[in-house]
2 protein chains.
Amino acid sequence: MNHNLISYVPNLKVFDCTLRDGGLVNDSFFTDDFARALYQANLKAGVDYMEFGYKCSKQIFDSDRFGKWKFCDEEDIRAIVGDNHTDLKLSVMADVGRCDYQNDIIPKTDSVIDTIRIATYVNAIPTCIDMIEDAKNKGYETTANIMAVSKVNGDDLKNSLELLGQSDVDVIYLVDSFGSFYPEQIRRLTDQYMEICTKYGKKMGVHAHNNQQLAFANTLEAMNKGDGATYLDATVSGLGRGAGNCHLEMLLSFLRNPKYKTIPVLKFIEKYILPLREQGLVWGYDVPYLLTGQLNAHPSFAIKFIKEGRQDYYNFFHELIDDTL
Amino acid sequence: MNHNLISYVPNLKVFDCTLRDGGLVNDSFFTDDFARALYQANLKAGVDYMEFGYKCSKQIFDSDRFGKWKFCDEEDIRAIVGDNHTDLKLSVMADVGRCDYQNDIIPKTDSVIDTIRIATYVNAIPTCIDMIEDAKNKGYETTANIMAVSKVNGDDLKNSLELLGQSDVDVIYLVDSFGSFYPEQIRRLTDQYMEICTKYGKKMGVHAHNNQQLAFANTLEAMNKGDGATYLDATVSGLGRGAGNCHLEMLLSFLRNPKYKTIPVLKFIEKYILPLREQGLVWGYDVPYLLTGQLNAHPSFAIKFIKEGRQDYYNFFHELIDDTL
């Protein structure tokens, strides 16, 4: 594609997951005001996709314990976007095993949602593929996001990618759930994912976490100057579980496509993100995330450590080794 | 060198600059207790070099306004390290134009310092080379650190590297003063620096800044799996001017050489770095640094913005464009 920092790659898609991944920090309790301002900021910034939240089953999750963006009812999204007569596509994430997809995902003709993103572990690929077929039949664009790849053995990943390649899915996502990959691993995985994507005519996406302050760098690495991932996930100020995500403002400041603007996002940070921090919401890089990332452990250990107000990194490191390796 | 994340590159040198770059945050007012604990942590962590501070002239800088590590008198370093009968090499930084090197740098035979690092702008390369010769004649290892390379035109950089290649310097450093380089630029610059280093038998170093959260990623990129920079600068928790540096704990957690240990650094963070933050010392990534990094502007603008307690990123972005481009 010959992206060289002066030219630009035209077919990239910037994918804002602030409400969805950020919902893991506040149980999806974002106000309509917040969601509306984010929607407006994304529109003005030229962002390509905005993910509103999860499509979780109310049979499985108590709707009193979570905000509306855990469930993304059609009328709740429409309250923010109307009929969304814009170029900004809307998505929701459906987790394998947490979504009553046959019933809760309505036909596309009745929905403002454009894209269903299906998050799966490698051991649930057949269900993931059933969800892909269900959503495709209902008229949606779909993505398959294989989580926790850093814990998956090589054969299982190879077989999973092959099955997804043969499915109707549109985009296959490389997801660094634990923020444990270094750029050179992202490069190798990108080559592996792209081999399948090229063979079967799929697009590739990347979703990075910032445990080792590598989310932005790994996103650039997976993009591979336009020859790799074209769906690039990010969240405003990295808002997301634990160490958070690739910062949307970093990604936009890097991209040269004149359609992208950083300023609407800066204004959103001033008005909506800084108050979240002042209210006590905690996310972003910290030493405990480096340690879980380095050890390829679930960030839940670090989240708990921070929530308890602990700062004894040395003990934590030993606990991690005992409990996770 | 075939570094593949399981094997390791034996000839890397981890270079701790915490006292020196951190001194730009607190005018070099570190206590002896802090310096001694850092020295002990570096020893236990297997760090290869520790930089104590600047070798600034007391004719130019008021010794009442700065701590002792701005000047690094021989007796002050010896108060921490004795005769330093260890494998940890000691260095000081001498800035072109701010150091009375003929008088203030004593013969190596009388000093515990091993390495003189000379920081220069591209327009002062001849003075830099005079300082190199002076230090080499006195018996020191030397490095040349060309600052603000992101502002230097291609011909000037090429000619500077050629002159340094022909000099007696041991190590030539790639320095991303403004934290403005992306990994793909670091890769290209590494190739350029390594061409000179290979031709003239020099080693290459890298000193990254974290304005775009790329300091660690760019350090890995310059290292190029052992075929690039072998002198890798870092500071504990990134302590350094503005957005700070590559975090020492990140670098150590990446390296596989069994001589390196992360735990002594974690203990140092618990006991000595967290209190600095509690005392109000401010450093590390923040949105204003992203903007100066992106615009290839001096971080002083962002440091001032943060010191004034401002959070109006949008106005700041426009001021930056007006004042720096």
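Residues numbered from 1 in each chain as written. Chains lettered and ligands numbered in written order. Predicted model: local features only at pLDDT ≥ 70, side-chain atom pairs only at ≥ 80, totals over all residues. Heavy atoms only, no water.

### Concerning the interface of chain A and chain B
Counting residues at the interface gives 41 residues for chain A, matched by 41 residues for chain B. Summing the contributions of chain A and of chain B, the shared interface buries around 3600 Å²; its carbon and sulfur component is 68%. Linking chain A to chain B there are 0 salt bridges. Scanning the region where chain A abuts chain B turns up 6 residue pairs in polar contact (both at pLDDT 80 or more). Taken together, the residues of the side of chain A that touches chain B sort by class into 20 nonpolar, 11 polar and 10 charged. (Contact = heavy atoms within 4.5 Å. Buried area = accessible area lost by both parts, 1.4 Å probe. Salt bridge = Lys/Arg side-chain N within 4 Å of Asp/Glu carboxyl O. Polar contact = N/O pair within 3.5 Å; in protein donor to acceptor, adjacent residues only side chain to side chain. Nonpolar A, V, L, I, M, F, W, Y, C, P; charged D, E, K, R; others polar.)

### Comments concerning the pairing of strand E2 (residues 49–54) of chain A
Residues and elements named next belong to chain A. With 6 of 6 residues buried, E2 is to be regarded as a mostly interior element. Here 2 bridges tie strand E1 (residues 13–16) to E2, and the two strands are oriented parallel to one another. Residue pairing in the sheet places aspartate 16 in a bridge with methionine 50 of E2. For the crossover that starts at E2, traverses helix H3 (residues 74–81) and ends in the parallel strand E3 (residues 89–95), the hand is right-handed. (Buried < 20%, exposed > 50% of the residue type's maximum accessible area, 1.4 Å probe, protein only. Helix = DSSP H or I, 4+ residues; strand = E, 2+ residues; numbered from the N terminus. Pairing = 2+ DSSP bridges. Right-handed = clockwise from strand over helix to strand, strands pointing away.)

### Quick notes on the pattern of salt bridges
Two side chains bearing opposite charge may form a pair once their charged atoms approach each other closely. Residue and element names in this part refer to chain A. Enumeration according to the criterion identifies 38 salt bridges over all chains in this entry. Residue lysine 136 pairs with aspartate 170 through a salt bridge whose shortest N-O separation is 2.9 Å. Residue lysine 136 is located in helix H5 (residues 125–137), and its partner aspartate 170 is located in the loop between helix H6 (154–166) and strand E6 (171–175); the two are separated by 34 residues in the primary sequence. Via salt bridges that share partners, Arg20, Asp21, Glu51, Arg117 and Asp233 belong to a single interconnected network.

### Regarding the relation of the copies chain A and chain B
Rotating chain A by 180 degrees about the axis while translating it 0.0 Å along that axis superimposes it on chain B, leaving an RMSD of 0.0 Å. Such a turn and shift between the copies fits a two-fold axis. Mapped onto chain B, 100% of the interface residues of chain A again fall at the interface, so both copies present the same surface. (Least-squares fit on C-alpha atoms with pLDDT ≥ 70 in both.)

### Comments concerning the packing of helix H2 (residues 32–45) of chain B against helix H10 (residues 263–278) of chain B
All names here are of chain B. In the contact formed by H2 and H10, the axes pass within 9 Å of each other and the chain directions differ by 160 degrees. Put simply, H2 runs roughly antiparallel to H10. Considering the relative orientation of H2 and H10, their crossing is left-handed. In contact with Asp33, Phe34, Ala37, Leu38, Ala41, Lys44 and Ala45 of H2, H10 contributes Pro264, Val265, Phe268, Tyr272, Ile273 and Leu276. Grouping the constituent residues of the contact of H2 with H10 by class yields 11 nonpolar, no polar and 2 charged. (Axes fitted to C-alpha atoms, helices over the stretch in contact; angles between N-to-C directions. Parallel < 35°, antiparallel > 145°, perpendicular 65-115°, else oblique. Left-handed = near helix turned anticlockwise from the far one by under 90°.)

### Comments concerning the environment of A:Ser180
Residues and elements named next belong to chain A. Structurally, the position occupied by serine 180 is in the loop between E6 and helix H7 (183–200). Under the relative-accessibility criterion, serine 180 is labelled buried at 9%. Put simply, serine 180 and lysine 151 are 29 residues apart on the chain and 9.9 Å apart in space, counted from C-alpha to C-alpha. Leaving out residues up to four positions away in the same chain, serine 180 has contacts with Ser150, Gln185, Gln212, Gly293 and Asn296. A polar contact is formed between the side chain of serine 180 and the side chain of serine 150, at a distance of 3.4 Å.

### A closer look at the confidence of the model for chain A
Confidence in the prediction for chain A averages 96 pLDDT; 99% of positions are at 70 or higher. As scored by the predictor, the complex reaches a pTM of 0.97 and an ipTM of 0.95. (pLDDT = per-residue confidence, 0-100.)

### Section: the packing of helix H10 (residues 263–278) of chain A against helix H13 (residues 313–324) of chain B
Relative to each other, H10(A) and H13(B) sit at 145 degrees, their axes nearing to 8 Å. Facing H10(A), whose interface residues are A:Ile263, A:Leu266, A:Lys267, A:Ile269, A:Glu270 and A:Leu274, H13(B) presents B:Tyr313, B:Tyr314, B:Phe317 and B:His318. Of the residues that constitute the contact of H10(A) with H13(B), the class distribution is 7 nonpolar, 1 polar and 2 charged.

### A few points about the sheet that holds strand E6 (residues 171–175) of chain B
Residues and elements named next belong to chain B. Read around the closed barrel, 8 strands run E1-E2-E3-E4-E5-E6-E7-E8, paired in parallel fashion. On average, each strand axis in the sheet is tilted by 25 degrees relative to the strand beside it, whichever way the strands run. Summarising the sheet, strand E5 (residues 141–146) and E6 pair through 4 bridges and their orientation is parallel. The residue of E6 that forms the bridge with alanine 144 is isoleucine 172. In this fold helix H7 (residues 183–200) packs onto E5, E6 and strand E7 (203–207), with an angle of close to 165 degrees to the strand it touches most, E6.

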